[in-house]
Protein chains: 2
Amino acid sequence: MRTSIATVSLSGTLTEKLTAAARAGFDGVEIFENDVLASPLTPEQIRTLCADLGLTIDLYQPMRDIEGVPPDAFARNLRRAEHKFRVMRRLGADTVLVCSSVSPLAADDDALVADQLRRLAERAADHGIRVAYEALAWGRHVNTYRHAWRIVEEAGHPALGVCLDSFHILAKGSDPGSDPKGIGDIPGDKIFFLQLADAPYLAMDVLQWSRHHRCFPGQGDLDLAGLLRHVLRAGYRGPLSLEVFNDVFRQAEAGPTAVDALRSLLILQEAVGEGGAPAPVVPTGIAFTELVTPDVEPAAALLTALGFTRTGRHRNKPVHLWEQGEARVLLNTGPAARRDGTVLAAVGLESPDPAGAAHRAETLLAPVLPRRRAPSDVLLDAVAAPDGTELFFCATDRPRLTSWKRDFEPTGERQTDHGTGGVRGIDHLALTQPWYQFDEAALFHQGVLGLDAQDSVDVADPYGLRRSRAFSTADGSVRVALGVGPAPGGEDDHAQHIALATDDIVTAARRHLSAGGHLLPIPANYYDDLAARYEFEPDELDTYRELGILYDREAGGGTFRHCYTRTVGRVFFELTQRDDGYRGYGAQNAPVRLAAQHEAGAAG
Amino acid sequence: MRTSIATVSLSGTLTEKLTAAARAGFDGVEIFENDVLASPLTPEQIRTLCADLGLTIDLYQPMRDIEGVPPDAFARNLRRAEHKFRVMRRLGADTVLVCSSVSPLAADDDALVADQLRRLAERAADHGIRVAYEALAWGRHVNTYRHAWRIVEEAGHPALGVCLDSFHILAKGSDPGSDPKGIGDIPGDKIFFLQLADAPYLAMDVLQWSRHHRCFPGQGDLDLAGLLRHVLRAGYRGPLSLEVFNDVFRQAEAGPTAVDALRSLLILQEAVGEGGAPAPVVPTGIAFTELVTPDVEPAAALLTALGFTRTGRHRNKPVHLWEQGEARVLLNTGPAARRDGTVLAAVGLESPDPAGAAHRAETLLAPVLPRRRAPSDVLLDAVAAPDGTELFFCATDRPRLTSWKRDFEPTGERQTDHGTGGVRGIDHLALTQPWYQFDEAALFHQGVLGLDAQDSVDVADPYGLRRSRAFSTADGSVRVALGVGPAPGGEDDHAQHIALATDDIVTAARRHLSAGGHLLPIPANYYDDLAARYEFEPDELDTYRELGILYDREAGGGTFRHCYTRTVGRVFFELTQRDDGYRGYGAQNAPVRLAAQHEAGAAG
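Residues numbered from 1 in each chain as written. Chains lettered and ligands numbered in written order. Predicted model: local features only at pLDDT ≥ 70, side-chain atom pairs only at ≥ 80, totals over all residues. Heavy atoms only, no water.

A word on the overall build of chain A
Inference 1: A count of helices and strands for chain A gives 18 helices and 24 strands.
Inference 2: Projected onto its principal axes, the C-alpha positions of chain A cover 85 × 60 × 40 Å.
Inference 3: Taken across its 604 residues, chain A has 60% of its residues classed as buried.
Inference 4: Within chain A, contacts between residues separated by at least 24 positions form 74% of all contacts whose residues are at least 6 apart in sequence.
Inference 5: With an accessible surface of roughly 23400 Å², chain A has 49% of that area assigned to carbon and sulfur atoms.
Inference 6: Charge separation in chain A, taken as the distance between the mean sites of 61 positive and 82 negative side-chain charges, equals 4 Å. (Helix = DSSP H or I, 4+ residues; strand = E, 2+ residues; numbered from the N terminus. Buried < 20%, exposed > 50% of the residue type's maximum accessible area, 1.4 Å probe, protein only. Contact = heavy atoms within 4.5 Å. Areas by Shrake-Rupley, 256 points an atom, 1.4 Å probe, with all protein chains shown as cover. Lys, Arg positive; Asp, Glu negative; His and termini not counted. Charge placed at Lys NZ, Arg CZ, Asp CG, Glu CD.)

Dropping the structure here:
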């Protein structure tokens, strides 16, 4: 299906917006009048630019409050419309959007509205232009698509049809005039245009909700796939167009936003059975994480104290493999190392079909990473996540698939058996995202990687609120928690951590300390509160207090114990113990942990 | 009256919050339990720290969903409360806040709630602690203060009273149980505590509104003075305490936020006749603006082309006075000049009582600026505005007051008479504020300077939304438009401009061009739209197009014509012509102007 995007969804000048839409791969654009008014390009130059970029101008939005007005006001509106139709001819745009009036002066008179729209459509037809009439959710009298369609039907002019907007339809919830089932009653050729926007459910004024909090399909809570099915069944064959008003997108760089936008349409088409992307390949585990570091010693010391063994050495690169149970960490001291310290640069996802997973990611516009490959290297499929983290789709010692470990020569060192205090594997990864990429990263982890999303939670940090959202496979074999910090540009923007799974956190924590490790001290006041909240075995709380172990219990009885290592560069580790089906990530303890980390940082 | 602030209203660690509150001059604090849990200080150490800082701990908030629950749950709650009472004794806090339950398990049974609160109060009394019961606006069953008071009355225990919270009372609007008039029915000694927060009217879910968008008194739309009068009339003599949940304050530096907070309480006390601040001295004009610049040539050339004359030279400093009509600009090339270019560093406000105005500003916590004074200098009273702009309260050639112009020796140059193309004076100043200081700056301009506020407006910039709000005297002799840019930390954060008043903008603009000035080019598409919107005299629109003059018309018929000079450093000028009582600032043209300025910047 053809794809289109409204210029208001992207940041920058008109030229920047058009360039970003074309580069991402959109077929067309809706142009907002303000973007034309503010542009130094003439309409003819804009038309040429679009043609050069391979974009059609699918819709133009120049007018409001046209219809249902007294004759003298309508005469003025027609005069203004004539001006705009001439501009549209210069632009080469053939469909004009007319939103239902919000003016307090508009009459509640369907016959009058139909008559005026018919006369507007006659004028438009003289210019070869079609009028698409759209019901705004807060329209004065016309605020459901069914009402708009009744009026269009009554007007009965071939150049007049409806524009359907997913936000305005789905935001009205239970209003029967907004039930998307009724879309099937509209002939497909009278649906002139389809605008798509998702939105998170927010209990607020619908106008504010619409103007500031729309997002791309799949980033919110509206059932866009259900709506699209109805529209396609009605016979609509026009473009899928994104009209998304969002305060963040207005500020973010247009290029990545346009890619994010087109990806959302590809995933939406897949949801209605129209997509061309290969099926999702859900990962089955975390094969490895890769830290790049300019100074290997602190990271190696931390891994050693955690009980990891340096089991392998890359054949051609300055990379070592550290293992414990199923947890694997690569330490890379190569040229990718940044002066600002150790970072989590890559994640290996265990995949039943690495090539298929990479192909899907590429089809869904994830940047494919070039691999500097030595002759003996295993070819790994890799793409970049929105925050730049490299994702490798790979296999670890599995039949018929080449294992990534073949690139590593054994050092001869054998893993130590730490008994119940050992690390079993990676419980989850926690990755902080730039604030303007949070929704994009969420869609990427769901749509591209095939993970399930949990709800977002807000967490109080001493210096602001953080938002966090977890993504995982159904069985928990892959868990990723994405966070976004409070202070744009602040130093915490890129904090990352690796949570390790143990079956006995107390033994694991003691072992870490006795091996020279450090654990984040947690204030005594926290344990006084735990004592007020829950009943513990004698000495149990003393042990937690001594080791800095945090505790959480879910309503279902599941419990979570966790503690934190020292930070190396931007990376730290968490030791965790999940019992009795605990599903969360200890979010309720995050404010105390964050404050303790600030404190530890302040203390040097 | 005693003043207090909740730790949740400030950013940082508990120690940082307490220090900021004490430095601003608060008498006490409300401590949120999370701040204690996350602190490495023991309760005894927190108590000592508060005592050393001269702060009392007026309230502690450790518990939720206490009452209206089945017996076994209540037993657990009492057990938890005992823990918390012991912590409060260690802290030296004698009042505990209990918010009405939001639990779906809470029973709608006033007798049960009263009985359980009485039993809680008995336990509290054993520790010398009072229980203040507060109705949350979204409480499950108890959500008005009148309902909370009925229950407290029924419980009849001396250690049980109500806590009144302005947000929870005023947010409920028309609910009769929330009408503040009924506060007079509560004996003053049963009002154990008063929490104050303002909020802008927002049509959204009250819980989200409360948790993210509260602000300090006078920064929102709630009638806090009306509420406070009722509370004082009831006989309440406890502290005025600010409990403000605000996403911005959570991130901003605690020190300035605490000053802003205390200022709001001082202004609120004044509003109810309890204040000690001297009366406002409303300014009567803008005496001068001062630009500091590392390179005087571009600014001097711009002023010359605008028709200004260099009429004076400061006796002791590298500062020159430029005049045209009543518009005066100082060009300062002294040591305050910054490497990043020309900035608007100071504003002289014409004041009927400069010393009185400065005294009021100082009483309301505006930082008084030290004056490096040479023996012959006129002593000027000056304070810093929240964004650091220096404000001088001064007199220009007025009887019985020393004129600031006495510091300037005449150069002998005389102002040219530019006829109708001349500048009459300063129409308004437009000052961009750091994003986290917008509300503070708004309160400062109203409360400290005595200006009236207009509504905020959102303006679309190509790279994000800008918020703007104007402040003025009733007669328009002083007009200041405060703006906040979209991108925190972006280069536009400090753009400032001086709008000059003319009676004939076309002549003024032509004169500027013929004197070698430049005017911001406005896209032709803007004028095509003007032609569609309004009818103009023949040639009128051509003239505007040629000169880059923007046009606005208000519903009442008032018109505004304006155009923009080249930018020097961070400063540019606007030529304006107001006719027929136009009251605005041309906000509807701002998107086009901002885009044109971005374009001009991009073009070099």
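Some remarks on the sheet that holds strand 16 (residues 408–410) of chain A
Residue and element names in this part refer to chain A.
Inference 1: Strand order in the open sheet formed by eight strands is 14-15-13-9-12-11-10-16, with mixed pairing between adjacent strands. The open sheet is flanked by strand 14 (381–384) and strand 16, the only strands paired with a single partner. Looking at each pair of strands side by side, their axes are set apart by 30° on average, direction ignored.
Inference 2: By the bridge criterion, four bridges tie strand 14 to strand 15 (residues 390–394) in an arrangement that is antiparallel. Each residue of the ladder has a partner; that of Val 383, found in strand 15, is Leu 391.
Inference 3: Of the strands in this sheet, strand 14 and strand 15 touch helix 13 (residues 354–363), which is tilted by about 145° from strand 15. (Pairing = 2+ DSSP bridges. Axes fitted to C-alpha atoms, helices over the stretch in contact; angles between N-to-C directions.)

Section: the nonpolar core
Inference 1: Residues B:Phe26 and B:Tyr133 are the most contacted members of the largest nonpolar core, which totals 95 residues.
Inference 2: The greatest single-element share of this core, amounting to eight residues, is contributed by helix 4 (residues 71–91) of chain B. (Core = buried A, V, L, I, M, F, W, Y, C linked by side-chain atoms within 4.5 Å.)

Brief notes about the interface of chain B and chain A
Inference 1: Listed by partner, the interface residues are 48 residues for chain B and 48 residues for chain A.
Inference 2: Roughly 3900 Å² is buried in total at the junction of chain B and chain A, and carbon and sulfur atoms are behind 54% of that figure.
Inference 3: The partner of A:Lys84 in a salt bridge is B:Asp529, and the shortest N-O contact between them spans 2.6 Å.
Inference 4: There are 12 residue pairs in polar contact (both at pLDDT 80 or more) connecting chain B and chain A.
Inference 5: Elements supplying a minimum of two residues to the side of chain B that touches chain A: helix 2 (33–37), helix 4, helix 10 (247–251), strand 18 (452–461), strand 19 (464–472), helix 16 (524–533) and helix 18 (590–602) of chain B.
Inference 6: Counting residues per element, the side of chain B that touches chain A draws most heavily on helix 16 of chain B, at seven residues.
Inference 7: Residue composition of the side of chain B that touches chain A, by class: 23 nonpolar, 10 polar and 15 charged. (Buried area = accessible area lost by both parts, 1.4 Å probe. Salt bridge = Lys/Arg side-chain N within 4 Å of Asp/Glu carboxyl O. Polar contact = N/O pair within 3.5 Å; in protein donor to acceptor, adjacent residues only side chain to side chain. Nonpolar A, V, L, I, M, F, W, Y, C, P; charged D, E, K, R; others polar.)

With respect to helix 14 (residues 438–448) of chain B
Inference 1: When you tally the buried positions in helix 14 of chain B, you get nine out of 11 residues, the bulk of the element.
Inference 2: Downstream of helix 14 of chain B by a residue or two, B:Gly450 has a phi angle that is positive, lying close to 80°.

Points about the side chain of A:Arg263
Residues and elements named next belong to chain A.
Inference 1: Mapping Arg 263 onto the fold places it in helix 11 (residues 254–271).
Inference 2: At a separation of 3.4 Å, a polar atom in the side chain of Arg 263 contacts the main-chain carbonyl oxygen of Leu 365.
Inference 3: Beyond its immediate chain neighbours, meaning those up to four positions away, Arg 263 contacts Leu 364, Leu 365, Ala 366, Glu 440, Phe 444 and Val 448.

Observations concerning the sheet that holds strand 17 (residues 423–433) of chain A
Strands pair in a sheet through their backbones, by hydrogen bonds, and they do so in one of two ways: parallel or antiparallel.
Residue and element names in this part refer to chain A.
Inference 1: The strand order 18-19-20-17-21-24-23-22 describes an open sheet built from eight strands, whose pairing is mixed. Bordering the open sheet on either side are strand 18 (452–461) and strand 22 (550–553), each of which pairs with just one other strand. Taken over all neighbouring pairs, the strand axes of this sheet differ in orientation by 25° on average, direction set aside.

Things to note about the side chain of A:His157
Residue and element names in this part refer to chain A.
Inference 1: Looking at where His 157 falls in the secondary structure, it is placed in the loop between helix 6 (145–155) and strand 6 (160–165).
Inference 2: Given the relative accessible area of 15%, His 157 is considered buried.
Inference 3: Separated by 2.9 Å, the side chain of His 157 and the backbone nitrogen of Ala 159 make a polar contact.
Inference 4: Not counting chain neighbours up to four residues away, the residues in contact with His 157 comprise Arg 118, Ala 121, Glu 122, Ala 125 and Lys 190.

Topic: helix 3 (residues 43–53) of chain B
Inference 1: Among the residues of helix 3 of chain B, those classed as buried are B:Pro43, B:Ile46, B:Leu49 and B:Cys50. Mapping the buried residues of helix 3 of chain B onto a view down its axis gives an arc of 120°, with all of them on the same face. Across helix 3 of chain B from its buried face, at more than 90 degrees, point the exposed residues B:Ala51 and B:Asp52.
Inference 2: Elements that come into contact with the buried residues of helix 3 of chain B comprise helix 16 (524–533) of chain A together with helix 1 (14–24), strand 2 (28–32), helix 2, strand 3 (56–63) and helix 4 of chain B. (Arc of directions from axis to C-beta.)

Description of the packing of aromatic side chains
Inference 1: The full count for this structure, using the stated rule, is 24 aromatic pairs over all chains.
Inference 2: Taking the centre distance of 6.2 Å and the plane angle of 90° together, the rings of A:Phe536 and A:Tyr544 count as edge-to-face. Comparing A:Phe536 with A:Tyr544 shows no difference in burial state: the two are buried.
Inference 3: Ring geometry for B:Phe32 versus B:Phe245: centroids 5.8 Å apart, planes at 70°, classification edge-to-face. Separated by 213 residues along the polypeptide, B:Phe32 in strand 2 and B:Phe245 in the loop between strand 8 (240–242) and helix 10 bring together distant segments of the chain. (Phe/Tyr/Trp six-rings, centres within 6.5 Å; stacked < 30°, edge-to-face > 60°.)

Some remarks on the confidence of the model for chain A
Residue and element names in this part refer to chain A.
Inference 1: Residue-level pLDDT values for chain A average 90, and 95% of them are 70 or greater.
Inference 2: For chain A, helix 8 (residues 206–212) is the element with the lowest average pLDDT, namely 65, and strand 23 (residues 559–564) is the one with the highest, namely 98.
Inference 3: Confidence metrics for the complex model read pTM 0.84 and ipTM 0.78. (pLDDT = per-residue confidence, 0-100.)

So, the pairing of strand 13 (residues 343–350) of chain B
All names here are of chain B.
Inference 1: Of all eight residues in strand 13, eight are buried; the element is thus mostly enclosed.
Inference 2: By the bridge criterion, seven bridges tie strand 9 (residues 285–292) to strand 13 in an arrangement that is antiparallel. When the sheet's bridge partners are listed, Gly 285 is paired in strand 13 with Glu 350.
Inference 3: As defined by bridge partners, strand 13 adjoins strand 15 (residues 390–394) across five bridges and the pair is classed as parallel. Across the sheet, the residue bridging to Leu 349 is Phe 393, located in strand 15.

Remarks on the pattern of salt bridges
All names here are of chain B.
Inference 1: Going through the model one piece at a time under the given rule, you end up with 64 salt bridges over all chains.
Inference 2: For the salt bridge of Asp 35 with Lys 17, the shortest nitrogen-to-oxygen distance reads 3.1 Å. Placement of the pair is Asp 35 in helix 2 and Lys 17 in helix 1, with a sequence separation of 18 residues. No difference in accessibility class separates Asp 35 from Lys 17, as the two residues are buried.
Inference 3: Measuring nitrogen to oxygen at the nearest pair gives 3.0 Å for the salt bridge that ties Arg 545 to Asp 542. Of this pair, Arg 545 and Asp 542 are both found in helix 17 (residues 540–547), three residues apart, which corresponds to roughly one turn of the helix.
Inference 4: Residue classification places Arg 545 among the partly exposed residues on the basis of a relative accessible area of 32%.
Inference 5: Given the relative accessible area of 44%, Asp 542 is considered partly exposed.

Concerning the relation of the copies chain B and chain A
Inference 1: Of the transformation superimposing chain B on chain A, the axial component is 0.0 Å and the angular component is 180°, with the fit at an RMSD of 0.0 Å. Here the symmetry operator amounts to a two-fold rotation axis.
Inference 2: With an isologous cut-off of 70% or more, the 100% of interface residues of chain B that recur at the interface of chain A puts this contact in the isologous class. (Least-squares fit on C-alpha atoms with pLDDT ≥ 70 in both.)

Description of the pairing of strand 22 of chain A
All names here are of chain A.
Inference 1: The pairing of strand 22 with strand 23 spans four bridges and is classified as antiparallel. Looking at the pairing, Asp 552 lines up with Phe 560 of strand 23.
Inference 2: Linking strand 22 back to strand 23 in an antiparallel pair, the connection comprises five residues, with Gly 557 at a positive phi of about 105°.

A closer look at the packing of helix 5 (residues 110–126) of chain A against helix 6 of chain A
Residue and element names in this part refer to chain A.
Inference 1: Look at helix 5 against helix 6: their axes get within 8 Å of each other, and the N-to-C directions meet at 60°. Relative to helix 6, helix 5 is oriented oblique. Where helix 5 crosses over helix 6, the handedness of that crossing is right-handed. Each of Asp 110, Ala 111, Val 113, Ala 114, Leu 117 and Arg 118 in helix 5 lies in contact with helix 6, whose residues at this interface are His 147, Ile 151, Glu 154 and Ala 155.
Inference 2: Partitioning the contact of helix 5 with helix 6 into residue classes produces six nonpolar, one polar and three charged. (Parallel < 35°, antiparallel > 145°, perpendicular 65-115°, else oblique. Left-handed = near helix turned anticlockwise from the far one by under 90°.)

A closer look at the packing of helix 1 (residues 14–24) of chain A against helix 3 (residues 43–53) of chain A
Residue and element names in this part refer to chain A.
Inference 1: Their axes nearest at 10 Å, the elements helix 1 and helix 3 cross at an angle of 20°. When the interaxial angle is binned, helix 1 and helix 3 end up roughly parallel. For the pair helix 1 and helix 3, the crossing hand works out as right-handed. Contacts from Leu 14, Thr 15, Leu 18, Thr 19 and Ala 22 of helix 1 reach helix 3 at Ile 46, Leu 49, Cys 50 and Leu 53.

With respect to unusual backbone geometry
Inference 1: At A:Asp539, a position not held by glycine, the phi torsion is positive, near 75°.
Inference 2: Relative to the assigned elements, A:Asp539 resides in the loop between helix 16 and helix 17 (540–547).
Inference 3: Residue B:Asp580 is not a glycine yet carries a positive backbone phi of 55°.
Inference 4: Tracing the backbone through its elements, the reader meets B:Asp580 in the loop between strand 24 (571–579) and helix 18.

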